[in-house]
Amino acid sequence: MSRRRPLFLAVGLLFLVLLAGGGVLGYVIKREPKFYTAAAQPGDYETREKASRLLTRIQDLKNDIRTKSEWGETFTVEELNCFFAEMMVEKGSFTGLLPEGFHSPRVAIDGDRLKLGFRYGQGFWSTVIWIDLRIWLVAEETNLMAVEVCDLRAGQLGVGTQSILDAIGDTARGSNIDVTWYRHNGNPIGLFRFFPDQPRPASQVLTLKVCAGEIVIAGRSISSESTPAVPAGP
């Protein structure tokens, strides 16, 4: 029996080390970023009202793109988070737009960085996967947006990017946006081309800014409703 004690002691210590390591890993994964916990929460009347108004403005912007020669809109972080809190919860009206298993997004802007977080999974086994991005329009290109992935984490744990990038690409392609990924200085950069099936797109995005807690988008369109009719010949 005395000979077995060192073995039992070693096994016990190994078990404690594994238990402690699992606890630390679980804490790191479950720890949510501050921007996510500070964002809007569902259930408040003002949150519901702002979410409804934002949905109307998005629909108006889509109509403007089709019918007006010039269009644009500014969305604040607060408005977007209200919309996410009401419309993109686990079984929300627009949650189906996200990759399977993702819900309850939240957003923050820090300088020129866009932080976007999503809850993945349900209940105790869920975690917040969040991504830190830089976004800009590519110069001398039509409807081409570049997105640099500066950081990607599950809670506070850095994770591999490939599966997340694939999910982003699949979601974008479902909205008629072509996506190509490459790496620059160690960071993944995605090129997102809007209206890829149109050789000469009727709508062009001319402004895309992420700064001061706002996302600004503006452009111009050529449509039958915004272009004067040509008189018929004799």
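Fair warning: this is a prediction, and the values are worked out from it, not measured in the lab.

Conventions we followed
- Residues numbered from 1 in each chain as written.
- Predicted model: local features only at pLDDT ≥ 70, side-chain atom pairs only at ≥ 80, totals over all residues.
- Heavy atoms only, no water.
- Axes fitted to C-alpha atoms, helices over the stretch in contact; angles between N-to-C directions.
- Helix = DSSP H or I, 4+ residues; strand = E, 2+ residues; numbered from the N terminus.
- Parallel < 35°, antiparallel > 145°, perpendicular 65-115°, else oblique.
- Contact = heavy atoms within 4.5 Å.
- Nonpolar A, V, L, I, M, F, W, Y, C, P; charged D, E, K, R; others polar.
- Polar contact = N/O pair within 3.5 Å; in protein donor to acceptor, adjacent residues only side chain to side chain.
- pLDDT = per-residue confidence, 0-100.
- Pairing = 2+ DSSP bridges.
- Buried < 20%, exposed > 50% of the residue type's maximum accessible area, 1.4 Å probe, protein only.

Novice: Would you mind showing me how to read the packing of helix 3 (residues 45-67) against helix 4 (residues 77-87) here?
Specialist: The geometry of helix 3 relative to helix 4 is characterised by a closest axis approach of 8 Å and an angle of 105° between their N-to-C directions. Regarding the angle of helix 3 to helix 4, the classification is roughly perpendicular. Where helix 3 abuts helix 4, its residues Thr47, Arg48, Lys50, Ala51, Leu54, Leu55 and Arg57 lie against Glu78, Glu79, Leu80, Cys82, Phe83, Ala85, Glu86 and Met87. Its residues placed into classes, the contact of helix 3 with helix 4 shows eight nonpolar, one polar and six charged.

Novice: Could you clarify how one ought to interpret the side chain of Asn143 in this entry?
Specialist: Looking at the secondary structure, you find Asn143 in the loop between strand 4 (127-137) and strand 5 (144-154). Within the local environment of Asn143, its side chain forms a polar contact with the backbone oxygen of Ser203, the two atoms lying 2.9 Å apart. Beyond its immediate chain neighbours, meaning those up to four positions away, Asn143 contacts Phe192, Arg193, Phe194, Phe195, Pro201, Ser203, Gln204 and Val205.

Novice: Would you mind showing me how to read the confidence of the model for the protein chain here?
Specialist: Parts of the prediction with low pLDDT should not have their coordinates interpreted in detail. In the predicted model, the protein chain carries a mean pLDDT of 81, and the fraction of residues at 70 or more is 80%. In the model of the protein chain, helix 1 (residues 5-30) stands out as the element of lowest mean pLDDT, 49, in contrast to strand 1 (residues 70-76), which has the highest, 95.

Novice: Just to check I follow, could you spell out the sheet that holds strand 9 (residues 203-211) for this structure?
Specialist: Strands belonging to one sheet form pairs held by backbone hydrogen bonds; the direction of such a pair is parallel or antiparallel. Across the sheet, which stays open at both edges, the three strands sit in the order 1-10-9 with antiparallel pairing between neighbours. In this open sheet, the two strands that pair with only one neighbour each are strand 1 and strand 9. Averaged over all pairs of adjacent strands, the angle between strand axes in this sheet comes to 10°, irrespective of strand direction. Lying over the sheet, helix 3 contacts strand 1, strand 9 and strand 10 (214-221), oriented at roughly 160° with respect to strand 1.

Novice: Is there a simple way to think about the environment of Lys34 in this case?
Specialist: The topology assignment puts Lys34 in helix 2 (residues 34-37). Taking relative accessible area as the criterion, Lys34 reaches 74% and is therefore assigned exposed. Residues Lys34 and Ala108, 74 residues apart in the sequence, show an inter-C-alpha distance of 9.9 Å.

Novice: Got a minute to help me understand the environment of Trp136 in this structure?
Specialist: By the element assignment, Trp136 lies in strand 4. Under the relative-accessibility criterion, Trp136 is labelled partly exposed at 29%. Once you skip the residues sitting within four places of it in the chain, Trp136 turns out to touch Leu144, Met145, Ala146 and Glu148.

Novice: Hey, could you run me through the side chain of Lys50 in this one?
Specialist: Structurally, the position occupied by Lys50 is in helix 3. Excluding anything up to four places from it in sequence, Lys50 contacts Glu78 and Cys82.

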